[in-house]
Amino acid sequence: MNYVHLSNWDLALAASLLVINAALSILLELGLARRLLIAALRMTVQLALVGLVLTTLFANLSPWWTGLVALLMIGFAGSEIAQRLDRPLNGGWSYGIGAGCMAVSSVVVMAFALSTQLRPDPWYDPRYAIPLLGMVLGNAMTGVALGLNTLTQAIVAQRAAVEARLALGDDHRAALLGPVRQAARSAMLPTVNSMAATGLVFLPGMMTGQILAGAAPADAVKYQLLVMFLIGGGTGLGATGAIVLGAARLTDARCRLRLDRLAPEKK
């Protein structure tokens, strides 16, 4: 496939747009200039390291190396979830629930895709497994974080109503049904909105990248549809599991609401 090679100067020229944004932030006193530049630098370093890792993986095919990279990605995603919660669960439960649910959902959808639709040879080929896992994980991470954050906020806000239902004899599932539904809607809404707007409003990154690399538009569309279906499935499974486990953690065997298991709200 023919594609346009980008030089470091080309990237530096594009990065100047962020410098302009940082200057605007300073002029308007938005307080975002430092965060914007640090985020851009962090992204650049991370992607450069990922490029080196993938180059090594492509040259040395091994299920162990592919699995190790996948575990590291899941681990970092779990850490991001814990940091995004306004009131995380005490004792590392936010990390455990987030990373665990993402691991299960991602493994399920990736095993399904690699064994049925893509069927690469070998099945653990990092050229397919790692990029697809990254896209599924990125969206599942957002869904899980939104779901858990909405769940804890809703339970705190509706504490009196939840405790009243528990006192009247409802089990924790019935008493927390409202917050759980609210959290599930919040978790899935970005994915639903993204699918609704894909094609007419914007062209997703994978499809755009394949077209720029010389792939036929029809083939690029098929791959993008596959990715969106995997993202929807992975986000739904991961977020639902995390919300259910989070709700169970905030009650006990005696059907009492346990808000003491939440950390103080971040300021």
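Quick note: structure is the one above.
Residues numbered from 1 in each chain as written. Predicted model: local features only at pLDDT ≥ 70, side-chain atom pairs only at ≥ 80, totals over all residues. Heavy atoms only, no water.

> How should the overall build of the chain be read in this particular structure?
Looking only at helices and strands, the chain features 10 helices and 0 strands. Taken from the N to the C terminus, the helices and strands of the chain come in the order α-α-α-α-α-α-α-α-α-α. Principal-axis analysis of the C-alpha atoms places the extent of the chain at approximately 70 × 55 × 35 Å. For the chain, the proportion of its 267 residues judged to be buried stands at 36%. Once local pairs closer than 6 in sequence are excluded, the contacts in the chain between residues at least 24 apart make up 72%. Of the roughly 16000 Å² that the chain leaves accessible, carbon and sulfur atoms contribute 67%. Distance from the positive charge centre (20 side chains) to the negative charge centre (13 side chains) of the chain: 6 Å. (Helix = DSSP H or I, 4+ residues; strand = E, 2+ residues; numbered from the N terminus. Buried < 20%, exposed > 50% of the residue type's maximum accessible area, 1.4 Å probe, protein only. Contact = heavy atoms within 4.5 Å. Areas by Shrake-Rupley, 256 points an atom, 1.4 Å probe, with all protein chains shown as cover. Lys, Arg positive; Asp, Glu negative; His and termini not counted. Charge placed at Lys NZ, Arg CZ, Asp CG, Glu CD.)

> Whenever I open this one, helix α5 (residues 126–157) confuses me. Can you help?
Along an α-helix, residues three or four apart share an orientation, since each turn contains 3.6 residues. The terminal C-alpha atoms of α5 lie 45 Å apart, and with 32 residues this matches the ideal 46 Å at 1.5 Å per residue to within 8%. Two or three places before Arg127, at the opening of α5, Asp125 has a side-chain oxygen 3.0 Å from that residue's backbone nitrogen. (Expected span 1.5 Å × (residues − 1). Polar contact = N/O pair within 3.5 Å; in protein donor to acceptor, adjacent residues only side chain to side chain.)

> I tried to follow the pattern of salt bridges on my own but got confused; where do I start?
Note that side chains of opposite charge can pair when their charged atoms are close. Counted by the stated rule, this structure contains 6 salt bridges. Measuring nitrogen to oxygen at the nearest pair gives 3.1 Å for the salt bridge that ties Arg42 to Glu80. With Arg42 in helix α2 (residues 33–59) and Glu80 in helix α3 (residues 63–84), this residue pair connects regions lying 38 residues apart in the sequence. When its relative accessible area of 22% is taken as the criterion, Glu80 is described as partly exposed. Between Asp252 and Arg258 there is a salt bridge; the shortest N-O distance is 3.5 Å. The exposure class assigned to Asp252 is buried, which follows from its relative accessible area of 15%. Beyond isolated ion pairs, a larger network of salt bridges with shared partners links Asp252, Arg256, Arg258 and Asp260. (Salt bridge = Lys/Arg side-chain N within 4 Å of Asp/Glu carboxyl O.)

> I'm lost on the packing of aromatic side chains in this one. Help?
Two numbers describe a pair of aromatic rings. These are the distance of the centres and the angle of the planes. Across all of its chains, the model carries 1 aromatic pair by this definition. A centroid spacing of 5.4 Å and a plane angle of 90 degrees characterise the contact between Trp123 and Tyr124, whose relative ring orientation is edge-to-face. Its relative accessible area of 18% is what places Tyr124 among the buried residues. Sitting over the face of the ring of Phe58, Arg127 holds its NZ or CZ atom 4.2 Å from the ring centroid. (Phe/Tyr/Trp six-rings, centres within 6.5 Å; stacked < 30°, edge-to-face > 60°. Lys NZ or Arg CZ within 6 Å of the ring centre and 35° of its normal.)

> Could you clarify how one ought to interpret unusual backbone geometry in this entry?
Negative phi values dominate among residues other than glycine, just as trans dominates among peptide bonds. The step from Asp121 to Pro122 runs through a cis peptide bond, and the omega angle for that step is 0 degrees. Despite not being glycine, Glu29 shows a phi value in the positive range, around 55 degrees. Within the element layout of this structure, Glu29 appears in the loop between α1 (8–28) and α2. With phi around 50 degrees, Arg119 is a residue other than glycine that occupies positive phi space.

Everything listed here is a matter of geometry and, on its own, says nothing about what the molecule does.
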